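Secondary and tertiary structure notes
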Amino acid sequence: MSKHINLLLLASENLLRHRTKTIVVCLCIIAILSPFITAISISEGIRAQSLASVGEGGDLYLTFDEFGRNAPVPLEYLGEIRNIFGVKKAVPRIIGRAYLQNKLAVIVGIDKEYVPVSVSCVSGKIFEKPDEVVVGSELARHFRLNIGDQLSMRGQQRKVFTVVGMFSADSGIWSSSLIFMSFKDAGELFGKPEVATDIQIYSIPGHNSEIATDLYNILMNKPYRLQDKHIIELFVKKGFLLKEGVFTALYVVAFALGIPAILVASGFGLSERKKEIGIMKATGWNTLEVLELITFEQLLISLLGAAIALLLSILWIKGFNGAFIGQFFIAETTLLPKFNMPSKFLPLPFLLSFFFAFLLTMVGSIYSSWRASTESPVVAMK
Amino acid sequence: MIRAERLCKTYGAHTKHEIHAVKEINLTIAKNSFVVLKGPSGSGKTTLLNIIGTLDRPTTGNVYIDGEEITAFSDIALSVLRRKKIGFIFQDFNLIPRLSGWENVSYPLIPMGIPLKERFTRAQSLLKIMDLGDRMTHTPEELSGGQQQRVAIARAMVNNPEIIIADEPTSNIDEETSIKLLNTLNELKHKGATIIVATHDPRFNKIADETFTMKDGRFQ
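First things first, this report covers the structure right here in the doc. (Residues numbered from 1 in each chain as written. Chains lettered and ligands numbered in written order. Predicted model: local features only at pLDDT ≥ 70, side-chain atom pairs only at ≥ 80, totals over all residues. Heavy atoms only, no water.)

1. Points about empty space enclosed by the protein
What counts is decided by this rule: In the cavity and pocket records, a cavity denotes points on a 1 Å grid over the protein atoms alone where a 1.4 Å probe fits but cannot get out, a pocket denotes an open set with protein on both sides within 12 Å along at least 5 of 7 lines, and lining residues are residues with an atom within 4 Å of a point. Grid points are joined across faces, edges and corners, and a volume is the space filled by probe spheres set on the points. Secondary structure elements follow DSSP: runs of H or I no shorter than four residues count as helices, runs of E no shorter than two count as strands, and numbering proceeds from the N terminus. Each residue receives one of three labels: charged for Asp, Glu, Lys and Arg, nonpolar for Ala, Val, Leu, Ile, Met, Phe, Trp, Tyr, Cys and Pro, and polar for the others, Gly being one of them.
Taken as a whole and assessed by the stated rule, the structure comprises four cavities of 30 Å³ or more. What the largest cavity holds in volume is close to 80 Å³. Ala282(A), Thr283(A), Gly284(A), Arg82(B), Ile86(B), Gly87(B), Phe88(B), Pro108(B), Arg155(B), Ala156(B) and Asn159(B) are the residues that line the largest cavity. Looking at the lining of the largest cavity, the elements with two or more residues in it are strand E6 (86-89) and helix H5 (145-157) of chain B. Considering each element in turn, the lining of the largest cavity owes the most residues, three residues, to E6(B). Residues of the lining of the largest cavity, tallied by class, amount to five nonpolar, four polar and two charged.

2. Observations regarding the sheet that holds strand E8 (residues 194-198) of chain B
Residue and element names in this part refer to chain B. What counts is decided by this rule: By definition, two strands form a pair when at least two bridges between them are found by DSSP. Here, residues are in contact when the closest pair of their heavy atoms is within 4.5 Å. Axis angles are defined between N-to-C directions and span 0 to 180 degrees, where every axis is a line fitted to C-alpha atoms and, for a helix, only to the segment in contact.
If you trace the six strands from one edge of the open sheet to the other, you get E6-E7-E8-E3-E9-E10, paired in mixed fashion. The sheet is open, and its two borders are formed by E6 and strand E10 (218-219), each paired with just one other strand. As paired elements, E6 and strand E7 (residues 163-167) share four bridges and run parallel to each other. The partner of Ile86 across the bridge, within E7, is Ile163. Where helix H1 (residues 45-52) meets the sheet, its contacts fall on strand E3 (34-38), E7, E8, strand E9 (210-215) and E10, and the angle it forms with E7 comes to roughly 155°.

3. Concerning the side chain of Asn50(B)
Convention followed: Whether a residue is buried, partly exposed or exposed follows from its accessible area with a 1.4 Å probe, protein chains only, as a fraction of its type maximum: under 20%, in between, or over 50%, in that order.
If you trace the backbone, Asn50(B) turns up in helix H1. When its relative accessible area of 12% is taken as the criterion, Asn50(B) is described as buried. What Asn50(B) contacts, discounting residues up to four positions off in sequence, is Val378(A), Leu55(B) and Asp56(B).

Functional significance is not addressed by these values, which are geometric in nature.
This is the structure we're talking about:
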């Protein structure tokens, strides 16, 4: 055991002795890993928020179906739906988009009593009266809105609203460009007071299939679409896996360009190292001990590079809101997002990154070291 | 103790640059003897030393150390043998440039699992013997040729080897240091080590128990 400790300590000393090489290899590892860890963490953060939102939503989602896409559902069925056995509540929503001057905002119309528990205002309150709205942090910052200000929006018709509350910057990406208002106001804004974009049905556990049967009886011959929470969750997960996959694939291509840099950097000072290995062999080191030392060196340098890459990723997300990378995962955001980018740092991507860095540095050094250590010491020392 | 039978070493075999560095050498070196190999440059002294010292393998022939045929040893077994029994002093010192004097001396002890404190103590005592107590933390480039050679001698002695092999040890150092080196090797011999030196230096003849003269890869 003391031999391995000696070799580990010597490896760490060698990293300090060969500072330039250590710094160059570390920089290569950081340049390659940091964007990757950042992207995966953002993706995981957004996915976690999405799943939390889905978790808070209804057990069943009812829409109509037109041309194979979701279409508004008439409110005339709402009373019957609420009377189905097993339905705890049925909440109609309007989710749409409208321009606030030149900026696209997401409009959510929902009755006040059904506002999700997680929705919180950093300042002000939730709307109570007609034409009152709560706005997202990015919109508020962009238009310098304050509580009590008025804003005018055009959907199917122009309406003037009063800002009564503002979301905090850390209340999730969904709220950054959001305008939250009553269901009635949203219906009026879009000129569709008799429909909802969907109805969320909250059910007593175990009653979904019976509710589906009753809905069939109510909506018979109507083109409706019923999805349960698990399907939505599945779509969310699948969507993000796809995005992560596409990002990883694109990244691997860029990555391939960086690999030679690491390989070259790992092999820096090869002739000096070869002679050193020859001396080690001549003074009683065996090949396994030489390779163990080299492995420890690469292990330490990879760990150091990956740890710095992780710290930089945290800084990238927390300090610069995932600039340049967030855009890949959140449509219509800017290169330098003004809201707090959601993130989740999982151990697996970090470990994979570390192992990848380790593998690369090993490839760059282990073969040449093995060659040098299996040659006769006389040849290696030349 | 050391026996070589019909040793041959050929470089670039079956090419037009084929060189027979060592030809059919038979040699026996008794334990605790001081042996000098003489001969002009290119006569095969270094090649023979490298083979006896297990740094190189012969093309044909056998070497026995303490009755064991080391030419059949694996790479790891040879390393173990070098670690336990052999210390080298090279003509061009072969110190590791980035390491300090004491680190170079104690380097062979690292894979033996000897803790840092003990490695330092052993290196320190040897360097003091070599009059380098005040140069322990200097790197090779901060030392003169003679001082580097003494560091290399200390390194060769650090694992208390039974055999010390020195290749032209005085060729890169001054007169005074050469005499000190000669005395050091003589002292090691008196402490029980077997000393094998390849040299042109005639002063070694006076203390050698046996002298072999080489020419064109053979003993004359």
